[in-house]
Amino acid sequence: MLVALGQVVGILADYLRWLGSAFTSTDSVECVDDQAAIQKAQQVVNGHDVELWERDRSIVRFSHDDQQIGQS
């Protein structure tokens, strides 16, 4: 969660990339809400499984074939 002057202004989410059972990389993305973060995570699937997290909260998981397979 991003906070400015006591107001929530967005989220800082991390997406994790997997190839099979091997972790390949992580990146952070700053978004206004979960939906915006989900849209950005969808763009990086490209043959990898992708998990989107905000700290310890799982937001969504995509399989490598572009299928959304879970959302919290």
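Structure first, text after, so check above.
Enquirer: Just to check I follow, could you spell out the overall build of the protein chain for this structure?
Expert: For the protein chain, the helix and strand inventory stands at one helix and six strands. Its helices and strands in sequence order give the protein chain the pattern β-β-β-α-β-β-β, from N to C terminus. Here the protein chain holds 72 residues, and the buried ones make up 29% of them. Sequence separation of at least 24 residues holds for 30% of the intrachain contacts in the protein chain that already meet a minimum separation of 6. Looking at the protein chain as shown, the accessible area adds up to about 4700 Å², and 49% of this sits on carbon and sulfur atoms.

Enquirer: Sorry if this is basic, but what is going on with the environment of N46 here?
Expert: Tracing the backbone shows N46 in the loop between α1 (34–42) and β4 (49–54). For N46 and D65, which are 19 residues apart along the polypeptide, the C-alpha to C-alpha distance reads 7.9 Å.

Enquirer: Just checking my understanding: could you explain the pattern of salt bridges for this structure?
Expert: Close approach of charged atoms allows side chains of opposite charge to pair. Within the structure shown, the criterion is met by three salt bridges. Salt-bridge contacts for R57 lead to D34; the nearest nitrogen and oxygen are separated by 2.9 Å. Note that R57 is positioned in strand β5 (residues 57–62) and D34 in helix α1, a separation of 23 residues in sequence. Among the residues examined, R57 registers a relative accessible area of 31% and is labelled partly exposed. In this structure, the salt-bridge partner of E54 is R57, at a minimum N-O distance of 2.6 Å. Connected through shared salt-bridge partners, D34, E54 and R57 make up one network.

Enquirer: I tried to follow the pairing of β5 on my own but got confused; where do I start?
Expert: For a regular strand, the rule is simple: side chains alternate between the two faces of the sheet. One ladder, built from five bridges, connects β4 with β5; its direction is antiparallel. Paired with L52 across the strands is V60, a residue of β5. Between the end of β4 and the start of β5, which pair antiparallel, lie two residues, with R55 showing a positive phi angle near 55°.

Enquirer: How should the environment of I59 be read in this particular structure?
Expert: Structurally, I59 can be placed in strand β5. The buried category is assigned to I59, whose relative accessible area is 2%.

Enquirer: So what exactly am I meant to see when it comes to unusual backbone geometry here?
Expert: In terms of backbone geometry, most residues other than glycine have negative phi values and most peptide bonds are trans. The phi torsion at R55 lies on the positive side, around 55°, for a residue other than glycine. Inspection of the secondary structure assignment puts R55 in the loop between β4 and β5. Judged by relative accessible area, R55 falls into the exposed class, the value being 70%.

Quick notes on the rules
- The written sequence of each chain sets the order in which its residues are numbered from 1.
- In keeping with the predicted nature of the model, local features appear solely for residues at pLDDT of at least 70, side-chain atom pairs appear and are counted solely at 80 or more, and the whole-chain, interface and lining totals rest on all residues.
- To get the side-chain values, all heavy atoms of the structure are used, and hydrogens and water are removed first.
- In DSSP terms, a helix is any run of H or I states spanning at least four residues, a strand is any run of E spanning at least two, and both are numbered starting from the N terminus.
- The classification of residues rests on relative accessible area computed with a 1.4 Å probe and restricted to protein chains. Under 20% of the type maximum is buried, over 50% is exposed, and intermediate values are partly exposed.
- Note on definitions: a residue-residue contact is assigned when non-hydrogen atoms from the two residues lie within 4.5 Å.
- Using the Shrake-Rupley algorithm and a 1.4 Å probe, accessible areas are obtained, with residue cover drawn only from the displayed protein chains.
- In the sections that follow, a salt bridge refers to a side-chain nitrogen of Lys or Arg positioned within 4 Å of a carboxyl oxygen of Asp or Glu.
- For two strands to be treated as a pair, DSSP must find no fewer than two bridges joining them.

So yeah, pure geometry; function would need other evidence.
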